[in-house]
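Listed below, chain by chain, are the residues.
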Amino acid sequence: MHFPAEVRVMGAHVESPRSLRIWPLPLLDRLLSERLRASPPTELNRYRFMTGVSLFFAFCCLVYLLGTSSRPIRVAMCISMLGYLGTLVVLRRAHSPRGPAWLLCLVLFQALTATVFLSDSPIPSLHAAHMLLPALAVYLLGVRESFLLTALLMIVLGLVYPRHYTATGTGPFFLSEAEFWPLHTLAVLSFLGAWGLGALHSTVGIAAKQRLEQTLEDLSQSENKLLSLIESTDDLICSLDLEGRLIIANSAQKRLFFRRLGKEPRVGEYFFAHSTPERQLLWKRRFAQTASGQPLRFEEEYLLHGERITLDICITPILDKERRITGMTLFSRDISARKEAEARMGEMHRTLVDASRQAGMAEIATGVLHNVGNTLNSVNVSTTLLSDLLKRSRVTGLVKATQLLREHASDLSTFFSSDPQGRKLPEYLVALSESLVQEREAMSQEIVSLTESVDHIKSVVSMQQKHARTAGAVEELQVPQLIDEALRLHALSFERMGILVERDYGNVPPVLIDRHKLLQILINLLNNARHALVESQREEKRLTIRVRSTPESQRLFIEVADNGTGIAPEHMARMFTQGFTTKKTGHGFGLHISALAATEMRGRLTCSSDGAGQGATFILELPLAVEEVRS
């Protein structure tokens, strides 16, 4: 990823620094050696300056030659011009700028001192041109080496030349000696001041340059880290201007663009130029919304070579220092695999729910059949006793007695007085009537027991039918009443196994709940408690059910606690995991589907235990507020 040579920001055309070409620079670069032209920009500008100064001073010498008639001065100017041209020749072949810089400064020193010594004026050393040498030397040679050249200039023009002038006495002398020396002293101080200012400027510039280089290095490292981070991700990242034109894109974005269109995206091109008009209009609305300062996040599907992919897209505005929106970043992530996994997981969840519901229905059906089977045993016993009573009934004796009476109907008095059977018949009838009364009472008791058993079967079946009809429907119900109905399904098995059931129902209001789901949870919890108590070695097997509510949090709590086998600490974290069970014949669906059903009812199912053999407590937490359940 790199910044383009030409970008557009906020609709304005902005050129990069490389496109800003000043016309003399290519000419100056041609006069430099290959090595000097390959120097960093700051050093390259110094060499260009050296070349331009040499050309300028050579031109000045030429103008001076054409304008003067003094032979000595003409000779000095020729020597100086040759020196400047020689500097250009050295720059064309130099591997280091040190030699050409010294040559240029010495040639300039020679030109200035020669002009002074060849002049007839007492004050040529005060000319402003001499200030060029300290400033130029500081820039080209540095602070220390330029001081040597400045000191030499100060000695020659501030000490040697005044003595030479006063000794020779050449030319008109307009100044007194009291005025002559202070002027040259001022010139020396001016040279020193020029060097000092140049040195100060150079020192400050070097410090600023070092700080700038350090800042640029830190910025470069940060940029490299950022680029490495952006390029290493599979996310699609690009930056756009406010009109949707591309500014920059990472490799992942370029690869997807190439897969779609067979070419890489172009900087400055509208990023969605190849989309359908409807999608272009949709993206323009999105860009307008982002330009107003509102970030967007959404999912969108694309068809890529017959394969449908889903992208999670996030558009974020870019702000400048004044908090103005100058562009936007577009982050995209291919979530097709995740969507497919979610679809498979959803399908597995539905399959699991169906299987778990079937398992829960089987648990309930097993409980129903168990209780019905136990009741049928009582029915079978009652019918067997009735059959035996009927087989042993003394009713046949009554039939024989009535037959004797019918045979002796004409002489009953004789039959009762003289016939042996007749004399015994009244006693027999008394004994027979007493026996028949006892048979009737025994049969009545068995019929009552049989009726109760049949009524219990009818109650169980009707209750199961009622729950089956209300599966999935939310209705208002009393939780304690539903718990009693669940206990009734296990009443006979609890009684035969010697399980003591303790009820602790608080004053709780009715709730809106799915009767079928809640009953399924209760049946599973009671079944687990029954198994834990049966497997326990305790003589006293106790099951405690508590119901309480907290008006502050608007929650209902149902606790099912037993003193059975308990739960080992290593099993606590997996109690509600699908397929986990500690039973030899268990399927691991009961608690898992119960936890899912509790979540569907906006509640939760938790468990606690002090360890193996210490019993366990399951707590079902449900919402009391009608609004929370309805939402």
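For the structure given in this document, a descriptive report is provided here. These numbers were taken from a predicted model, which means no experiment stands behind them.

1. Concerning the overall build of the protein
At step 1: Within the protein one finds 19 helices and 14 strands.
At step 2: The buried share among the 631 residues of the protein stands at 39%.
At step 3: Look at the contacts in the protein between residues 6 or more apart in sequence, and 63% of them connect residues 24 or more apart.

2. Considerations on the sheet that holds strand β5 (residues 296-304)
At step 1: Spatially, β4-β3-β7-β6-β5 is the arrangement adopted by the 5 strands of the open sheet, whose pairing is antiparallel. If you trace the sheet from one side to the other, it starts and ends with β4 (246-249) and β5, each paired once. Looking at each pair of strands side by side, their axes are set apart by 25 degrees on average, direction ignored.
At step 2: Both β5 and strand β6 (residues 307-319) contribute to a ladder of 9 bridges, which runs antiparallel. If you follow Phe298 over to β6, its bridge partner there is Ile313.
At step 3: Where helix α9 (residues 251-261) meets the sheet, its contacts fall on β3 (236-240), β4, β5 and β6, and the angle it forms with β3 comes to roughly 95 degrees.

3. Examining the environment of Arg548
At step 1: By the secondary structure assignment, Arg548 is in strand β11 (residues 541-550).
At step 2: Separated by 73 residues in the primary sequence, Arg548 and Glu621 have C-alpha atoms spaced 9.9 Å apart.
At step 3: If we ignore the near neighbours within four places in the chain, the residues touching Arg548 are Val508, Arg555, Leu556, Phe557 and Glu559.
At step 4: There is a polar contact of 3.2 Å between the side chain of Arg548 and the side chain of Glu559.

4. Topic: unusual backbone geometry
At step 1: The phi torsion at Arg323 lies on the positive side, around 65 degrees, for a residue other than glycine.
At step 2: You can see Arg323 is positioned in the loop between β6 and β7 (325-334).
At step 3: For Arg323, a relative accessible area of 62% corresponds to the exposed category.
At step 4: For Arg602, which is not a glycine, the phi torsion comes out positive at approximately 65 degrees.
At step 5: Mapped onto the fold, Arg602 is located in the loop between α18 (590-600) and β13 (604-608).

5. Observations concerning the pairing of strand β14 (residues 616-623)
At step 1: By the criterion of burial, β14 is predominantly enclosed, with 7 of the 8 residues buried.
At step 2: Direction of pairing for strand β12 (residues 555-562) relative to β14: antiparallel, over a ladder of 8 bridges. In the strand pairing of β14, Arg555 is matched with Pro623.
At step 3: Looking at chain direction, β13 and β14 are connected through 5 bridges and run antiparallel. Looking at β14, one finds that Leu605 is bridged to Leu620.

6. Structural notes on helix α5 (residues 98-117)
At step 1: For α5, spanning 20 residues, the distance from its first C-alpha to its last is 28 Å, which sits close to the expected 28 Å at 1.5 Å a residue.
At step 2: Listed in full, the buried residues belonging to α5 are Pro100, Ala101, Leu104, Cys105, Val107, Leu108, Phe109, Ala111, Leu112, Thr113, Ala114 and Val116.

7. As for the side chain of Thr51
At step 1: Following the sequence through the fold, Thr51 ends up in helix α3 (residues 41-67).
At step 2: Not counting residues within four places of it along the chain, the set of residues in contact with Thr51 comprises Leu28, Leu31, Leu32, Leu88 and Leu91.

8. Section: the packing of helix α4 (residues 71-93) against α5
At step 1: Direction vectors running N to C along α4 and α5 enclose 170 degrees, while the axes themselves pass 9 Å from each other. In this view, α4 runs roughly antiparallel relative to α5, as classed from their interaxial angle. Only Pro100, Leu103, Leu104, Val107, Leu108, Gln110, Ala111, Ala114 and Thr115 of α5 make contact with α4, whose side of the interface consists of Ala76, Met77, Ile79, Ser80, Gly83, Tyr84, Gly86, Thr87, Val90 and Leu91.
At step 2: Residues belonging to the contact of α4 with α5 are distributed by class as follows: 13 nonpolar, 6 polar and no charged.

9. Here we look at the packing of α3 against helix α6 (residues 132-141)
At step 1: Remark: α3 packs on α6, axes separated minimally by 11 Å, with the N-to-C direction vectors making an angle of 150 degrees. Accordingly, the angle class assigned to the pair α3 and α6 is roughly antiparallel. Our pair here, α3 against α6, has a crossing hand that is left-handed. Of α6, the residues touching α3 (which contributes Asn45, Arg46, Phe49, Met50, Val53 and Phe57) are Leu132, Leu136, Tyr139 and Leu140.
At step 2: Residues of the contact of α3 with α6, tallied by class, amount to 8 nonpolar, 1 polar and 1 charged.

10. Topic: a nonpolar patch on the surface
At step 1: On the surface, Phe59, Leu62, Val63 and Leu66 cluster together into a nonpolar patch covering about 420 Å² of accessible area.
At step 2: Following the sequence through the fold, Phe59 ends up in helix α3.

11. Re the sheet that holds β11
At step 1: As summarised here, the arrangement of the 5 strands in space is β9-β11-β12-β14-β13, forming an open sheet in which the pairing is mixed. The sheet is open, and its two borders are formed by β9 (499-505) and β13, each paired with just one other strand. With strand direction ignored, the average angle separating the axes of adjacent strands in the sheet is 15 degrees.
At step 2: Examined bridge by bridge, β11 and β12 share 8 bridges and lie antiparallel to one another.

12. Focus on the packing of aromatic side chains
At step 1: Under the counting rule described, the total for this entry stands at 12 aromatic pairs.
At step 2: When the centroid spacing of 6.0 Å and the interplanar angle of 45 degrees are considered together, the rings of Phe272 and Phe287 count as tilted. Taken as a pair, Phe272 in the loop between α9 and α10 (277-291) and Phe287 in helix α10 lie far apart in primary sequence, 15 residues in all. Phe287 carries the same exposure label as Phe272, and that label is buried.
At step 3: Members of the aromatic cluster, joined through ring pairs, are Phe257, Tyr270, Phe271, Phe272, Trp283, Phe287 and Phe298.
At step 4: Above the face of the Tyr139 ring, Arg46 is positioned so that its terminal group lies 4.8 Å from the ring centre.

13. So, the environment of Val379
At step 1: Positionally, Val379 belongs in helix α11 (residues 336-391).
At step 2: Once the C-alpha coordinates of Val379 and Ile447 are considered, the two residues, 68 residues apart in sequence, prove to be 9.4 Å apart.

14. What to know about the pattern of salt bridges
At step 1: The full count for this structure, using the stated rule, is 25 salt bridges.
At step 2: With a closest N to O distance of 2.3 Å, Arg37 and Glu34 form a salt bridge. You can see Arg37 and its partner Glu34 sitting in helix α2 (residues 34-37), 3 residues apart, about one turn around the helix.
At step 3: Under the relative-accessibility criterion, Arg37 is labelled partly exposed at 26%.
At step 4: Arg98 is the partner of Glu145 in a salt bridge, and the nearest nitrogen-oxygen pair spans 2.2 Å. With Glu145 in helix α7 (residues 143-168) and Arg98 in helix α5, this pair connects stretches of sequence that are 47 residues apart.
At step 5: Of the residues examined, Glu145 reaches a relative accessible area of 18% and is grouped as buried.

Calculation notes
Residues numbered from 1 in each chain as written. Predicted model: local features only at pLDDT ≥ 70, side-chain atom pairs only at ≥ 80, totals over all residues. Heavy atoms only, no water. Helix = DSSP H or I, 4+ residues; strand = E, 2+ residues; numbered from the N terminus. Buried < 20%, exposed > 50% of the residue type's maximum accessible area, 1.4 Å probe, protein only. Contact = heavy atoms within 4.5 Å. Pairing = 2+ DSSP bridges. Axes fitted to C-alpha atoms, helices over the stretch in contact; angles between N-to-C directions. Polar contact = N/O pair within 3.5 Å; in protein donor to acceptor, adjacent residues only side chain to side chain. Expected span 1.5 Å × (residues − 1). Parallel < 35°, antiparallel > 145°, perpendicular 65-115°, else oblique. Nonpolar A, V, L, I, M, F, W, Y, C, P; charged D, E, K, R; others polar. Left-handed = near helix turned anticlockwise from the far one by under 90°. Patch = residues over 30% accessible without salt bridge, like charges linked within 9 Å, V, L, I, M, F, W, Y side chains within 5 Å. Areas by Shrake-Rupley, 256 points an atom, 1.4 Å probe, with all protein chains shown as cover. Salt bridge = Lys/Arg side-chain N within 4 Å of Asp/Glu carboxyl O. Phe/Tyr/Trp six-rings, centres within 6.5 Å; stacked < 30°, edge-to-face > 60°. Lys NZ or Arg CZ within 6 Å of the ring centre and 35° of its normal.

Such coordinate-based values are descriptive only and should not be taken to indicate function.
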